[in-house]
Amino acid sequence: MTLVAGVDSSTQSCTVVIRDAASGALVRHGRASHPSGTEIDPDLWWDALQRATADAGGVSDVDAIAVAGQQHGLVCLSCDGRVVRPALLWNDTRSAGAADDLVAELGATAWAEAVGSVPLAAFTVTKLRWLATHEPANAARTAAVCLPHDWLTWKLRGTGDLADLVTDRSDASGTGYFSGVTGEYRRDLLAAGLGRSDVVLPRVLGPGESVGRTAGGMLLGPGAGDNAGAALGLGAGPGDVVVSIGTSGVVSAVSQTPTTDATGIIAGFASATGEYLPLVCTLNAARVLDAAAALLGVDHDELSRLALSAPPGAGGLVLVPYLEGERTPNRPDATGALHGFALSTSTPAHLARAAVEGLLCGLADALDALVEAGVPVERAFLVGGGARSEAVARIAPAVLGRPVLRPTPGEYVADGAARQAAWVLTGADAPPSWTTADSETFDAAPTPSVRDRYAQARELTVPRL
């Protein structure tokens, strides 16, 4: 049996899966946690990868490996390959003002036409502007700029040479200075962020192209951004939308054509298979469920039971779940809000239902944006930690207005990386055809009144004091 490994280095943890290269059958897996927060020393990612690999039984028998990782994170390296400062993660919103400045200077339409997206606080280019403004000494020390998955791939390569930094289209397309259409960096936009363009950027490899070999002899794939990795792991195709409920909420779909959205709602990213991955992201997702469970003093199973015991619409109780600001809509300083609180709705069940519906309404807004842009959406795959909630799965089709498939819980980002590793190993023109996971299907009549009340409450949100 020929084995391949896939790595998912996410905000919260590192997961390693080892699969049979031919069939995709899972052989073993391991996991290690990352510290919480919105910035982190990248060496802690490397430590977690070592621990997760050990937990998976090691990789001495593995022939190829690839890394998928959280998008947008800013990793700055000095000329000798040292990390200049802790990496700023996608969910670090300190660069919100920098994003506004960049958009004002060039114009939203120009950004969308150049790179398919309008910069938000999450994007790498805005973090570079923040760095140049607030930490000019660190900006001056920066000789290379890369993303979390790029840095881990480089560490696996083991050469220490900045010229060996590589990435792929999917992750590069989330920087704000790479065009997935032309396949080229926009160094003028890089300079708009950092103030100069003379830094090393990772070489962008094509789908299925080999990086080379790791220090241990494994063939190394180019890797991918986490959302593109998940789509590859699920085998998503046209008409499928992937709704991921993790630290962030992500709604994405594989598309044959690029998307250009000057409103900034849709990010025109690239896929891991040479196509496009229009994507809408929310800052608030699974942690909304965490917060509701903590507030009610229950576990997630009980939160789900409570939510399903309340009527649709929670009797008019609406939770706008902007607990960490929000990215879609772009309100980084907003707070969450509870509307319709009355004696009749002041029960744990109503609050639990409002939390689930509020979370799903935010994702439904994201799905609507894709549809309005002409992206075909026929059904939704529901994945991520939040998808394990029975209430989320059963209420989702009514709020999203589409049939919902919940695949057997798995590590789909890591699976996508493993599938890419197998692709690189074979040298074929397309990834191997692995059997996809079994799925439960949920369907329900749409509940437009829930969406309408949420839309009204959403417009009443206020900035953080």
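Above this text is the structure in question.
Counting buried residues along strand β16 (residues 239–245), six of its seven residues qualify, which places the element largely inside the surrounding structure. As paired strands, β16 and strand β17 (residues 249–252) are joined by four bridges and run antiparallel to one another. Counterpart to Ser244 in the pairing with β17 is Val250. Count of turn residues in the β16/β17 antiparallel hairpin: three residues.

Strand order in the open sheet made by the seven strands is β18-β19-β17-β16-β22-β23-β24, with mixed pairing throughout. Lying at the two open borders of the sheet, with one neighbouring strand each, are β18 (267–270) and β24 (439–442). Taken pair by pair, the neighbouring strands of this sheet meet at an average axis angle of 30 degrees, ignoring direction. Two elements, β17 and strand β19 (residues 276–282), share four bridges in a ladder whose sense is antiparallel. If you follow Ser252 over to β19, its bridge partner there is Leu279.

Think of a pair of aromatic rings as described by two things: how far the centres are apart, and how the planes are tilted against each other in angle. For the structure on display, the rule yields four aromatic pairs. Taken together, a centroid distance of 6.4 Å and an interplanar angle of 65 degrees make the contact between Trp45 and Trp151 edge-to-face. Taken as a pair, Trp45 in helix α1 (residues 42–55) and Trp151 in helix α6 (residues 148–157) lie far apart in primary sequence, 106 residues in all. One exposure class covers both Trp45 and Trp151, and it is buried. An aromatic cluster of three or more residues is present, and its members are Tyr177, Phe178 and Tyr185. Its guanidinium or amino end placed over the ring of Trp130, Arg94 lies 5.0 Å from that ring's centre, counting from NZ or CZ. A cation over an aromatic ring shows up here: Lys155 above the ring of Trp46, its NZ or CZ 5.3 Å from the ring centre.

Let's shift gears to helix α4 (residues 124–134). Since the α-helix advances by 3.6 residues per turn, residues separated by three or four positions end up pointing in the same direction. For α4, the buried fraction is high: eight of the eleven residues fall into the buried class. All of the buried residues in α4 are Thr124, Val125, Thr126, Lys127, Leu128, Arg129, Trp130 and Leu131.

This next bit is on the environment of Val62. Along the polypeptide, Val62 turns up in strand β5 (residues 62–69). With a relative accessible area of 6%, Val62 lands in the buried category. Along the primary structure Val62 and Ser210 are separated by 148 residues, whereas in three dimensions their C-alpha atoms are 16 Å apart. Residues within four places of Val62 in sequence aside, it is in contact with Leu3, Val4, Ala5, Ile18 and Met218.

Within helix α15 (residues 448–458) the residues assigned to the buried category are Val450, Arg451, Tyr454, Ala457 and Arg458. Buried residues along α15 cover an arc of 125 degrees about the axis, so they all sit on one side. Residues of α15 that are exposed and angled more than 90 degrees away from the buried face: Pro448 and Gln456. Packing partners of the buried residues in α15 comprise β20 (318–320), β21 (337–339), α12 (348–372) and α13 (390–400).

We note that His72 has phi near 75 degrees; this positive angle belongs to a residue other than glycine. Along the chain, His72 turns up in the loop between β5 and β6 (75–77). With a relative accessible area of 3%, His72 lands in the buried category.

Quick look at the side chain of Asn138 now. Here Asn138 is to be found in helix α5 (residues 136–141). A distance of 2.9 Å separates polar atoms of two side chains, one belonging to Asn138 and the other to Glu135. In this view, Asn138 contacts Val84, Arg85 and Leu131; residues no more than four positions away in its chain are not counted.

Before going further, it helps to examine the packing of α12 against α15. Where α12 meets α15, the closest approach of the two axes is 10 Å, and the angle between their N-to-C directions is 90 degrees. Relative to α15, the element α12 lies roughly perpendicular. Counted together, Glu357, Gly358, Cys361, Gly362, Ala364, Asp365 and Asp368 of α12 and Val450, Arg451, Tyr454 and Arg458 of α15 form the full contact between these two elements.

Attention now moves to the nonpolar core. Ile245 and Leu382 are the most contacted members of the largest nonpolar core, which has 55 residues in total. Elements represented by at least two residues in this core include exactly β16, α10 (286–296), α11 (300–309), β20, α12, β22 (377–383), α13 and α15. Tallying contributions element by element places α12 first for this core, with 14 residues. The residues touching Ile245, leaving out its near neighbours within four places in the chain, are Ala285, Ala286, Leu359, Leu363, Leu382, Val383, Gly384, Gly385, Gly386, Ala387 and Val392. By size, the runner-up hydrophobic cluster in this structure holds 44 residues, among which are Leu120, Leu189, Phe269 and Phe381.

The rules we used
Note that residues are indexed from 1 along each chain, following the sequence as it is written. Local features in a predicted model are, by the rule used here, given only for residues with pLDDT of at least 70; side-chain atom pairs are given and counted only at 80 or more, and totals for whole chains, interfaces and linings are based on all residues. The basis for every side-chain value is the complete set of heavy atoms in the structure, and neither hydrogens nor water enter the calculation. Per-residue accessibility, obtained with a 1.4 Å probe over protein chains only, is compared with the maximum for each type, and a residue is labelled buried under 20%, exposed over 50%, and partly exposed between these values. Helix numbering and strand numbering both begin at the N terminus, where a helix is a DSSP run of H or I of at least 4 residues and a strand a DSSP run of E of at least 2. At least two DSSP bridges between two strands are required for those strands to pair. In this analysis, axes come from line fits to C-alpha atoms, helices being fitted only over the stretch in contact, and the angle between any two N-to-C directions falls in the range 0 to 180 degrees. Each aromatic pair joins two rings of Phe, Tyr and Trp (for Trp, the six-membered one) with centres within 6.5 Å, and gets the label stacked for planes under 30 degrees apart, edge-to-face for over 60, and tilted for any other angle. Sitting over a ring, as applied to charges here, requires NZ of Lys or CZ of Arg to be within 6 Å of the ring centre and within 35 degrees of the ring normal. The contact rule is simple, with two residues in contact once any of their heavy atoms fall within 4.5 Å. This arc is taken over the directions from the axis of the helix to the C-beta atoms. Polar contacts, as counted here, are pairs of nitrogen or oxygen atoms within 3.5 Å of one another; within protein the pair requires one atom able to donate a hydrogen and one able to accept it, and residues that are adjacent in sequence qualify only if both atoms are side-chain atoms. Note on terminology: angles under 35 degrees are roughly parallel, angles over 145 are roughly antiparallel, angles of 65 to 115 are roughly perpendicular, and the others are oblique. By convention a nonpolar core is built from buried Ala, Val, Leu, Ile, Met, Phe, Trp, Tyr and Cys residues, the set being connected through side-chain atoms within 4.5 Å.

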